[in-house]
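Take a look at the letters that make up each chain.
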Amino acid sequence: RNHEIVKYLQNIVSSNEYIHSIYVYVPYNNAVFSSSGGIYELKDFYDNEWIYGYNSNPDSVRQYDVRKVPDVNWVEMQCVTVFKDFPNVFRARLGQIIINLDADKLYNKMQAEGINLGGEIFALDEDGKIMLHQDKSKLGKNVEQYGYMLNIQGHDKGYLLEKIGSTSTLLFYISSVR
């Protein structure tokens with residue numbers, strides 16, 4: 001039965017080019033099922049950075065992060081990581097699914113879908129942290145310092161004409177579907 005779960009995770013990853021890897025964490029037996037093909041004890045798992053978010057925020061429904069995710073050969077890839085708890089039963093946490101999305105492929109898809117007139121396309125989380133950007137040095141940085149973030153927050157979509165530095169900039173934005 002456990003190997004069927006791993007096979008199912010592998011099938012999902014192989015059928016979706018945007019997914020780098022998927023893990024299922026079961027705290028009852030401290031097991032991690034991985035799309036890499038293995039079932040691991042948490043202490044032996046090659047990527048356990050996400051567990052700190054799980055342990056530190058027991059009421060979380062969803063967390064997003066941008067990070068370097070290793071594979072079984074310790075080759076790292078920049079990924080957007082999405083965390084989702086399994087439904088709670090009588091306030092007991094049954095586990096979590098962790099999905100690592102290939103940041104480069106997501107960014108390229110965003111660029112392909114948009115009209116690039118020499119500008120930049122990037123994605124922010126709800127707190128203003130850059131999740132996807134062509135310039136990798138900007139990943140994980142917060143853009144709240146820019147006044148336009150206050151105008152964007154709380155709106156589903158729209159546009160703004162803002163002066164960023166000395167450049168007049170037209171900003172389009174749209175919220176993701178939850």
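Everything quoted here is computed from the prediction, not taken from an experiment. (Residues numbered from 1 in each chain as written. Predicted model: local features only at pLDDT ≥ 70, side-chain atom pairs only at ≥ 80, totals over all residues. Heavy atoms only, no water.)

**Comments concerning the overall build of the protein**
And step 1. Of regular secondary structure, the protein possesses four helices and 10 strands.
And step 2. Order of helices (α) and strands (β) in the protein, N terminus to C terminus: α-β-β-β-α-β-β-β-α-β-β-α-β-β.
And step 3. Buried residues in the protein amount to 34% of all 178 residues.
And step 4. Taken as a whole, the protein presents about 11500 Å² of accessible surface, with 53% of it coming from carbon and sulfur. (Helix = DSSP H or I, 4+ residues; strand = E, 2+ residues; numbered from the N terminus. Buried < 20%, exposed > 50% of the residue type's maximum accessible area, 1.4 Å probe, protein only. Areas by Shrake-Rupley, 256 points an atom, 1.4 Å probe, with all protein chains shown as cover.)

**Side note on the environment of V13**
And step 1. Examined against the element boundaries, V13 turns out to sit in helix 1 (residues 2–14).
And step 2. Classification of V13 as buried rests on a relative accessible area of 17%.
And step 3. Along the sequence, V13 and S36 sit 23 residues apart, while their C-alpha atoms lie 9.3 Å from each other.

**Quick word on the confidence of the model for the protein**
And step 1. Taken over all residues, the pLDDT of the protein has a mean of 77, while the share at 70 or more is 65%.
And step 2. Averaged pLDDT values over the elements of the protein bottom out at 64 in strand 10 (residues 167–174) and peak at 95 in strand 2 (residues 31–34). (pLDDT = per-residue confidence, 0-100.)

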